[in-house]
Amino acid sequence: MSSKDTVAEIGLIGLGTMGGNLALNIAENGFRIAVFNRTSEKTDQFMAKAGDLADRLVPTKTLEDFVASLQPPRAVILMVPAGEAVDAQIAALRPLLGDEDLIIDAGNANYHDTNRRAEEAAEKGPRFMGIGVSGGEEGARFGPSIMGGGARDAWNRVGHILEAISAKYEDVPCAAYLGEAGAGHLVKTVHNGIEYADMQMIAEVYGVMRDGFGMTANEIGDVFETWNGGILQSYLIEISSKVAKTADPETGKPMLDIILDRAGQKGTGRWTAIEALMLGTPASAIEAAVAVRNMSARLDDRKAGEAAFGPAPQSMERAAGSINALEAALVAGKIVCYAQGFGLILEAAKQYGWAMPLPEIAKIWRNGCIIRSAMLNDMSSALADDASRNLMLAPFFRDKLKETEASLRRMVAEAALHGLPVPALSAALSYFDIMRTGRSTANMLQGQRDFFGAHGFERTDRDGGGFHGPWAMG
Ligand code: 6PG
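Residues numbered from 1 in each chain as written. Predicted model: local features only at pLDDT ≥ 70, side-chain atom pairs only at ≥ 80, totals over all residues. Heavy atoms only, no water.

The name given to the protein chain in an unreviewed UniProt entry is 6-phosphogluconate dehydrogenase, decarboxylating, with the source organism recorded as Roseibium aggregatum. Of the protein chain, the UniProt comment under Catalytic activity (unreviewed entry) reads exactly: "6-phospho-D-gluconate + NADP(+) = D-ribulose 5-phosphate + CO2 + NADPH". Heading Subunit (unreviewed entry) of the UniProt record for the protein chain holds this comment: "Homodimer." (UniProt positions renumbered as here; feature names shortened; annotations may be inferred.)

Listed below in structure tokens is the structure:
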């Protein structure tokens, strides 16, 4: 197995849909890659479908053969389910690999696990990196967005392969090194949180068009298609249009009328919300999107609610500019959602001392990943200008918000009056309103805290803190 013609530049373990497609992508880009799967039937099936690329693939049936087929210092990509399977695979590889060999976890890991694994690797070897890979099956096969984390010199060893297999935006690879340890997986997690909010906001305007304006799925699909030619151009708007316009082959009805309104989730959106809360940084649009998935799952409770309270009044007046106003509302919501996502990454970067180049992150999200959109190009320019400023305040986005804010406000208000839930857009509006208010209502919170707990407050008319109100003595 270690004869010259079987020596591979890189290896991959886990030939599920994502792993198999990533291996084919690596092979297609000219790299010789060894593959291994826990069940060797899967390896056989994978090889049988590899076609011309089979020449660059080295199938192996044991972990020992797999390791022996790799050129030292070895690099092994893991594409196994996140969680215990990753730890088990690392434990199985450890005795077979040298300290300078490198394990790259390309799954959707929780970045805290990646931090822990990086520490363990520093103690026990081999080397370890965690990379976020986005783009679903198609991205894995033809070019994902790759968010690199771990030691810089480890990235330097495999970066040329990761850049080669990544999506390109005007020839620029959508793959970059972002920081130590769990930095790549944290960015992938935030990507998914933004993905949740982006999807939820689209679902909310879909709801206004369906239940408020009484539009058909096809008509709604046409609206999304039109929007995809403008500022909202994005993969998620594009596929929403396609989803809306597709008919169920069995019944002929629109697919959207057949799909049950109970959303699944694997957890990465929830991790984003948890992380935002832990880091003390606002991500309310993302949190709302996660909460809605949880509410959507409670189908029986929702039905009982409808029986108890009756359906919400829904029909809304559709005026001439209503669809344009919805588009504007979505633009405003989207800007806020990204401002929150980038704010979260910035906070994590401070906390961990990670590089986290925000303009670079916006750049590698411009293609390949699920949230790819035209707006990300403008975001990368705004962040290059000043990465520490709230994205809402960058001149381009400040102007866009000035143009669209009124539409968001009217849309949220109208929806509320008609009983149409728009929680992510509403959270975005509240964030906007709070973040443009110099004098908030938190003085009341401070008064309450000082009243019941003598927690102290700062005064508007003096420096320093620890002041108390005259209520302590009753
Ligand atoms: C991606 C996706 C991918 C996956 C999500 C789905 O970037 O390629 O985000 O990672 O499709 O994890 O997440 P939910 O099952 O939680 O919706």
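**Topic: the sheet that holds strand β3 (residues 57–59)**
Paired through backbone hydrogen bonds, the strands of a sheet run either parallel or antiparallel to each other. One open sheet accounts for eight strands, arranged β3-β2-β1-β4-β5-β6-β7-β10; its pairing is mixed. The outermost strands of the open sheet, each flanked by one partner alone, are β3 and β10 (175–179). Each strand of the sheet is rotated relative to its neighbour by a mean of 25 degrees, with strand direction disregarded. Note that strand β4 (residues 75–78) and strand β5 (residues 102–105) share four bridges and pair parallel. In the sheet register, Ile77 faces β5, and the bridge partner there is Ile104. Docked against the sheet, helix α4 (residues 84–93) engages β1 (10–13), β4, β5 and β6 (127–134), running at close to 155 degrees with respect to β4. (Pairing = 2+ DSSP bridges. Helix = DSSP H or I, 4+ residues; strand = E, 2+ residues; numbered from the N terminus. Axes fitted to C-alpha atoms, helices over the stretch in contact; angles between N-to-C directions. Contact = heavy atoms within 4.5 Å.)

**As for the pairing of strand β2 (residues 33–36)**
Along any regular strand the residues' side chains alternate between the sheet's two faces. The two faces of β2 match: Ile33 and Val35 on one face and Ala34 and Phe36 on the other face are all buried. Two elements, β1 and β2, share four bridges in a ladder whose sense is parallel. Following the sheet pairing, Ile10 is matched in β2 by Ile33. Read as a crossover between parallel neighbours, the route from β1 over helix α1 (residues 17–28) to β2 is right-handed. Alignment of β2 against β3, held across three bridges, turns out to be parallel. Bridge pairing in β3 links Ala34 to Val58. Handedness of the crossover is the feature at issue here: the chain leaves β2, passes through helix α2 (residues 40–48), returns alongside β3, and the resulting connection is right-handed. (Buried < 20%, exposed > 50% of the residue type's maximum accessible area, 1.4 Å probe, protein only. Right-handed = clockwise from strand over helix to strand, strands pointing away.)

**A word on the nonpolar core**
Met209, Trp227, Phe342, Met356 and Trp365 are the most contacted members of the largest nonpolar core, which totals 109 residues. In terms of residue count, the dominant contributor to this core is helix α15 (residues 322–352) (16 residues). Among all residues touching Met356, those that are not within four sequence positions of it are Leu178, Ala183, Leu186, Val187, Ile345, Ala349 and Ile361. (Core = buried A, V, L, I, M, F, W, Y, C linked by side-chain atoms within 4.5 Å.)

**Re the site of the ligand**
Near the ligand, the surroundings consist of 15 residues, among which Ser134, Glu195, Tyr196, Lys266 and Arg293 are the closest. In the model, an oxygen atom of the ligand is placed 2.8 Å from a nitrogen or oxygen of the Lys188 side chain. With the chains in place, 81% of the 410 Å² that the ligand exposes on its own is no longer accessible. Grouping the amino acids of the shell around the ligand by side-chain chemistry returns two nonpolar, nine polar and four charged. Here the shell around the ligand spans two domains, and each of domain 1 (3–181) and domain 2 (189–435) adds at least three residues to it. (Near = heavy atom within 4 Å. Polar contact = N/O pair within 3.5 Å; in protein donor to acceptor, adjacent residues only side chain to side chain. Areas by Shrake-Rupley, 256 points an atom, 1.4 Å probe, with all protein chains shown as cover. Nonpolar A, V, L, I, M, F, W, Y, C, P; charged D, E, K, R; others polar. Domains from an automatic or database assignment.)

**Some points on the domain arrangement of the protein chain**
If you check the domain split of the protein chain, you get domain 1 (3–181), domain 2 (189–435) and domain 3 (442–472). The straight-line distance from the C-alpha centre of domain 1 to that of domain 2 is 32 Å. On the domain 2 side, the residues contacting the 27 residues of domain 1 number 22 residues. Approximately 1,800 Å² of surface area, both sides summed, lies buried where domain 1 meets domain 2, with 61% of it carried by carbon and sulfur atoms. Of all residues in domain 1, Tyr111, Tyr169 and Leu178 bury the most surface against domain 2, accounting for 34% of the area lost on that side. The tally of links from domain 1 across to domain 2 stands at zero salt bridges. The tally of links between domain 1 and domain 2 comes to 10 residue pairs in polar contact (both at pLDDT 80 or more). For the side of domain 1 that touches domain 2, a count of residues per class yields 15 nonpolar, 10 polar and two charged. (Buried area = accessible area lost by both parts, 1.4 Å probe. Salt bridge = Lys/Arg side-chain N within 4 Å of Asp/Glu carboxyl O.)

**Comments concerning the UniProt feature "active site" (unreviewed entry) in the protein chain**
In the numbering adopted here, UniProt assigns the feature "active site" (unreviewed entry) to Lys188 and Glu195. Looking at the element boundaries, Lys188 is found in helix α8 (residues 183–212). The exposure class of Lys188 is buried, given its relative accessible area of 5%. Beyond its immediate stretch of four places on either side in the chain, Lys188 contacts Asn108, Gly132, Val133, Ser134 and Met147. As for its placement among the helices and strands, Glu195 is situated in helix α8. Of the residues examined, Glu195 reaches a relative accessible area of 14% and is grouped as buried. Once residues within four sequence positions are removed from consideration, Glu195 is found in contact with Leu236, Ile370 and Ile371.

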